[in-house]
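The primary structure of each chain is shown beneath.
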Amino acid sequence: RCVKLFQLTQNYFNTRKDPLLTDLLFKLRCTFINQVLLDEACPDLYREFEKLVGLIEANSDFLGQSKEKRCKILVEIGVGYLHFSQFSKSRKYIDTAKILLGFTFRLTGAMGRRTKYQTTDTPQLRVETILEEDVSDKAPLENEPEQIDLGDDTVLEKISFQDGSVSSISNLTAPFLLHTASLKLKDFYLDDLLREEVIAFLEAIIEGSTYSYCIATHAYFLRSHLEKKSMRRLTRSMEQLEEVIQGFDCKKACARTGSLFVSGLPPMWIQEKLLAELYTSIGSHKSALDIYERLQMNEEQITALQTLGRYEAAEKLTRTLLEKGETPKLYCILGDSTQDISHYEKAWELSGESSARAMKSLGYHYFNVKQYPKALECMLASVDCNHLQGGLWFTAGCTALAIPDYATAVRCFRESVHIDDESGQGWSNLGAAFERTGKILKAFNCYKEATRCSYNNWRVWENYICAAAQIKHFSSIIHAYRQIINLGEKYCDKTILNCLVAAVRDNLESASGEPGITYFDKILDLFRFASSKVTTNFDLWRSYAALHLDVAGKEDVSKGIGYLIKAYHSASLYIEKSLEEFLKMCGMFWSPPRVRHEGEQRLGYLCTTPPISQVNPHDPGDKGQQTYSHAG
C-alpha cells in the first residue's frame, strides 16, 4: 500500500506542467526517498536530483522566499547530497545555508567534570554557537522520545561544566550540528578524539531542547551508534533505541514531520537494524535474527548466521531464496558465503553486465589474492556501472599504484577526492601518484590539501615535507617539521636537516624566489626547538653544529663544537646496542668534508618515492584505507 501511494505521488508531480517551487520541492523529496529505499547510490536518481536542484535554484519563487525558508531548502539539498555520498557538494550547500542564516559554531574547551568522583575540573569539549539574529523556530511538540538515563556508578549523566551554560539550539540551527556529526562519522578513521567531537555535537542538540521529534530522534540514533562500543554506555544505547522504536506511532506521524527532510532522519528499519547489531554485540543472536527475518533483511540475516559459525545454514538460506527467484544480489551474497567467484560471474551475467556490486566483489577477491591487474579491471567495470562509489575509487587507485599504473591511479584518486574533498587519505595518495610520475609540484599541492584534511596525521605531514624539499619550498619544510614534532613524534630526518643546512650554507634560491640565507633565523629556531624534544639523535646535533660552523657570516665556533660533542655522545649510546653501529657513527662523525664542485646541486638525492606498502583490501567505507607515506 505504501509503495503504491509513493508511486502515485511521483506520477502526480511528474505530470505537472510549469511546476511551482512547491512541486519541485516535493519532486526532490520523492527522489530523495527513492534513494533511501535503495542499498547503493543510483546514478539515474542522482542525475534527476541534480536536475531538480538546478531548477529550484533558478526558480524566481525561491529567491523571493524568506531567509528562514531558503535556509531550510538549502539544508534539504545538502542532506540529499549526503545520501548520495557527495560529501563535497553537501558541505557546499550546508555552508551556504549557514552564511545565509548568520549562524556559526565551533568546538571549544571549557572546564568541567565527567565522573562523579572528580574533585577538580578538567578541560572538556563542547560546542559554542553564535546566531547573528534571533530566528528561533521552537514549536513545542508532545510525545518526544524519552531520554534514557545512563545510570552508571562512576560516569555522570552528562558533562558538568563549571559555568553551567548550555548552547542555544533551535529547530532551525540543530540540523547544521546534525549534518556536521553525520559527516564526521563518515571519516574513515573514527578515532577516540573524533568520536568525542561527534558526541559534543549530539549532546548540544539533546541538551538544547530542539522540540522536534525528527531532530531529537536522529541525535539519539547517532549517539546510540557511537555508544555501542563503550561498555559503560552499551546498555543505555540499546535501551534508547528500544524507546525510540517502541514510541513510533504512525497515527502521530503527520505531527512529527515538520523537520523530517532537514534532519536526515534514517528510516525506522535502519534504526531497527542498529538495534539488531547491538543485540549481536551482547550475544543475543536470536533477537537479532528475529529482527532481520521480520524486516526481510536477507543479507544481514545470512551474515549473522555466518558470524555464529553456521555456514551451512547461511548457504542453505541463500539457495532457498534463489529458488524463489534469481537476482544478482542473491548470487553476490552466495559468493560471499562460499567464496566461489563463479557466483559473482553469474550475477554479472544475470544483470546484463550492469551489477556494480558483482564486479566490486570480484575485484576485492582478486585484490585479496594479489592479482592486481584483474582486480583493477573489475573495479573499473564496477565504477563504470555506478560512479558514485567514492570508497571503491580509492581502493582502485591503491590497486593501480600496486601494479603500477600511475595514470589510472591519478584518475581514480581524483574521482575519490571529487566525491569527498575532505579526505586526507585521498589527497595524500593522489599526491603519491603524481610524485611517481615526476609531477612534484602537483604532488606538493595535493599533500598540502591532505594536511588541511588530516591535520593530526604525522605521516601526511611527512609526505608534505619530502615534496617541499624537492621543490625547495623552505618555509613549508620548516612549518611541517615543527608540526610533526608538535604531534608528539620523536622525528628526525637526516636528509631534510641536511637540506635546510644546505639552503643557508649555499644560499640556495627557494621556490618563492628568496635567497636561502633569509631563512637562517627560522631554521636556527627550528633546530633549537627540535633539539629540545629530541635530545639524543646524532644526525640532529651534527646538522645543528654545521649550521653554526659552515654558514659564512653566521659562525659561532664555541656552540658548533659543543653540538659536535653532543653528537659524539649521542653516537656513543649505540655502543651499548652494537659496536658496529657505533663505529659506523664515529666514521661518519670523523670523515673529512667532501669537496663540493662549483654549481653542484645538493637536493637531487631528495627525490625519493614512497614505497609500496601493503594496501588494505577493505573498502574505505568499511574503515579500511592505506595512506602512502615516505616513512620507512
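For the structure, check the block above.
Residues numbered from 1 in each chain as written. Predicted model: local features only at pLDDT ≥ 70, side-chain atom pairs only at ≥ 80, totals over all residues. Heavy atoms only, no water.

Caption draft 1: Quick look at a nonpolar patch on the surface. A surface patch of nonpolar side chains, amounting to about 390 Å² of accessible area, comprises Ile33, Leu37, Leu38, Trp269 and Ile270. Inspection of the secondary structure assignment puts leucine 38 in the loop between α2 (21–36) and α3 (43–58). (Patch = residues over 30% accessible without salt bridge, like charges linked within 9 Å, V, L, I, M, F, W, Y side chains within 5 Å. Areas by Shrake-Rupley, 256 points an atom, 1.4 Å probe, with all protein chains shown as cover. Salt bridge = Lys/Arg side-chain N within 4 Å of Asp/Glu carboxyl O. Helix = DSSP H or I, 4+ residues; strand = E, 2+ residues; numbered from the N terminus.)

Caption draft 2: Up close: unusual backbone geometry. A cis amide bond, omega 0°, links isoleucine 403 with the succeeding residue proline 404. Within the fold, proline 404 resides in the loop between α20 (390–402) and α21 (406–419). In the Ramachandran plot, serine 85 falls in the positive-phi region, its phi being about 65° despite a non-glycine side chain. Residue placement: serine 85 occurs in the loop between α5 (67–83) and α6 (87–101). Non-glycine residue asparagine 507 carries a positive phi angle of around 50°. Relative to the helices and strands, asparagine 507 is located in the loop between α26 (494–505) and α27 (520–533).

Caption draft 3: Fine view of the nonpolar core. Residues Phe176, Ile477, Tyr481 and Leu547 are the most contacted members of the largest nonpolar core, which totals 170 residues. Look past the residues within four positions of isoleucine 477 in its chain and what remains in contact with it is Ile465, Ala468, Ala469, Ile496, Cys499 and Leu500. (Core = buried A, V, L, I, M, F, W, Y, C linked by side-chain atoms within 4.5 Å. Buried < 20%, exposed > 50% of the residue type's maximum accessible area, 1.4 Å probe, protein only. Contact = heavy atoms within 4.5 Å.)

Caption draft 4: View of the packing of aromatic side chains. Under the defined criterion, the tally for this structure stands at 20 aromatic pairs. When the centroid spacing of 5.2 Å and the interplanar angle of 80° are considered together, the rings of phenylalanine 49 and tyrosine 81 count as edge-to-face. Of the two residues, phenylalanine 49 is situated in helix α3 and tyrosine 81 in helix α5; the sequence distance between them amounts to 32 residues. Here phenylalanine 49 and tyrosine 81 have matching classes, each one buried. Aromatic side chains phenylalanine 103 and phenylalanine 176 sit 5.5 Å apart centroid to centroid with 35° between the ring planes, which places their arrangement in the tilted category. On the criterion of sequence distance, the pair formed by phenylalanine 103 in strand β1 (residues 103–115) and phenylalanine 176 in helix α7 (residues 174–185) is long-range, its members being 73 residues apart. The pair phenylalanine 103 / phenylalanine 176 is uniform in exposure class, with both members buried. Here the aromatic residues Tyr46, Phe49, Tyr81, Phe84 and Tyr93 are joined through ring pairs into a cluster of three or more. Sitting above the plane of the phenylalanine 26 ring, arginine 29 keeps its charged end 5.0 Å from the centroid. (Phe/Tyr/Trp six-rings, centres within 6.5 Å; stacked < 30°, edge-to-face > 60°. Lys NZ or Arg CZ within 6 Å of the ring centre and 35° of its normal.)

Caption draft 5: Quick look at the pattern of salt bridges. Following the criterion strictly, the structure yields 30 salt bridges and no others. With a closest N to O distance of 2.8 Å, aspartate 525 and arginine 482 form a salt bridge. Here arginine 482 lies in helix α25 (residues 474–486) and aspartate 525 lies in helix α27, a separation of 43 residues in the sequence. Here arginine 528 makes a salt bridge to aspartate 525, at a shortest N to O gap of 3.3 Å. Of this pair, arginine 528 and aspartate 525 both sit in helix α27, 3 residues apart, which is roughly one turn of the helix. For arginine 528, a relative accessible area of 43% puts it in the partly exposed group. The class for aspartate 525 is partly exposed, based on a relative accessible area of 35%. Within the structure, one salt-bridge network assembled from shared partners comprises Glu203, Arg223, Glu227 and Arg236.

Don't take any of this as a statement about function, it's just geometry.
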